[in-house]
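A structural walkthrough
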Amino acid sequence: LLAGGLLLALGQPRPDLFVSQDGRQVALVRAGGIYFLRSQRGGFVARAWSEAAAVPVAGMLADLPGSRCSAGGCALEAQDLRLLLLRQAPDGPIAAWCAGADIVVAPVGLADCRPRWLLLDPPGLRRLGAVTIVTGQRSLASAGGVAGDHPWSTSALPGEQRTLLGTVRWVPPLTE
């Protein structure tokens, strides 16, 4: 059983895109290590994601060749996916930028943003929790999906929540 479990674990693809629950931190794994949207300087999240990806912390996304970064965020490609990773609310219209991206991550709600595959903004991340993505397979794993429908998970918070069987229900506040 131990050998079978080890083989099964080794056969799983390693995520190469990490997104925090609030959408403020994003990291991308490349051959040289893991690169962050925001500075970490040896913080808990940097260590945890670095260990999960089994690579060292390499630096900032702005240091990656091919990334286009500004104070507002970064645009880059990973495994034929176009990523738009925002640090703050955009100053102007964002719809055209979103339409050209496959995945958009933002720490603020973007009502007029329609990426080709996935929008990870606060409304979506409240439901999903922290997210890891294997970009080559376009597969997503979320903390909310792993935690399930338990009183100690985020799905127990007030609001519209998915149950274990995938149906949606409204969870009222515990106290008024």
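Shown above is the structure to which this text applies.
Report on the accompanying structure. (Residues numbered from 1 in each chain as written. Predicted model: local features only at pLDDT ≥ 70, side-chain atom pairs only at ≥ 80, totals over all residues. Heavy atoms only, no water.)

1. A closer look at the sheet that holds strand 6 (residues 73-78)
The strand order across the open sheet formed by 5 strands is 5-6-7-8-9, and the pairing between neighbours is mixed. For this open sheet the edge positions go to strand 5 (68-70) and strand 9 (118-120), each flanked by a neighbour on one side alone. The sheet shows a mean angle of 10° between the axes of neighbouring strands, direction not considered. As defined by bridge partners, strand 6 adjoins strand 7 (residues 81-86) across 6 bridges and the pair is classed as antiparallel. Following the sheet pairing, Ala-78 is matched in strand 7 by Leu-81. (Pairing = 2+ DSSP bridges. Helix = DSSP H or I, 4+ residues; strand = E, 2+ residues; numbered from the N terminus. Axes fitted to C-alpha atoms, helices over the stretch in contact; angles between N-to-C directions.)

2. Notes on unusual backbone geometry
Backbone geometry follows two general trends: most residues other than glycine have a negative phi, and most peptide bonds adopt the trans configuration. For Ala-54, which is not glycine, the phi torsion reads 60° and is therefore positive. The residue Ala-54 is located in the loop between helix 2 (44-53) and strand 4 (57-60) in this model. One non-glycine residue, Arg-138, lies in the positive phi region at around 55°. Topologically, Arg-138 is positioned in the loop between strand 10 (131-134) and strand 11 (139-142).

3. With respect to the packing of aromatic side chains
Tallied over the full model, the rule gives 2 aromatic pairs. Ring centres of Phe-18 and Trp-49 lie 5.4 Å apart, and the angle between their planes is 25°; on these two criteria the pair is classed as stacked. You can see Phe-18 sitting in strand 1 (residues 17-19) and its partner Trp-49 sitting in helix 2, a full 31 residues away along the chain. Accessibility assignment for this pair places Phe-18 and Trp-49 in one class, buried. Residues Phe-36 and Trp-49 carry aromatic rings whose centres are separated by 6.0 Å and whose planes lie at 5° to one another, so their mutual orientation is stacked. Separated by 13 residues along the polypeptide, Phe-36 in strand 3 (residues 33-36) and Trp-49 in helix 2 bring together distant segments of the chain. (Phe/Tyr/Trp six-rings, centres within 6.5 Å; stacked < 30°, edge-to-face > 60°. Buried < 20%, exposed > 50% of the residue type's maximum accessible area, 1.4 Å probe, protein only.)

4. Let's talk about the sheet that holds strand 2 (residues 26-30)
Strand order in the open sheet formed by 6 strands is 4-3-2-1-10-11, with mixed pairing between adjacent strands. Looking at strand neighbours, the two that pair on one side only are strand 4 and strand 11, the edges of this open sheet. For this sheet the average axis-to-axis angle between neighbouring strands, irrespective of direction, equals 20°.

5. Focus: the pairing of strand 6
On a regular strand, one side chain projects to one face of the sheet and the next to the other, so that they alternate. Summarising burial for strand 6: 5 of the 6 residues are buried, a large majority. Between strand 5 and strand 6, which pair antiparallel and follow one another directly, the connecting turn spans 2 residues. Connecting strand 6 to the next strand, strand 7, in antiparallel fashion are 2 residues, including Gln-79 with a positive phi near 50°.

6. Description of the environment of Leu-86
Position of Leu-86 among the secondary structure elements: in strand 7. Residue Leu-86 is classed as buried on the basis of its relative accessible area, which comes to 8%. Expressed as a C-alpha distance, the spacing of Leu-86 and Val-26, which sit 60 residues apart in the sequence, is 9.3 Å. Aside from chain neighbours lying at most four places away, what touches Leu-86 is Gly-23, Leu-37, Gly-72, Gly-73, Ile-94, Val-105, Ala-106, Pro-107 and Leu-110. (Contact = heavy atoms within 4.5 Å.)

Remember that the coordinates give geometry; whether it matters functionally is a separate question.
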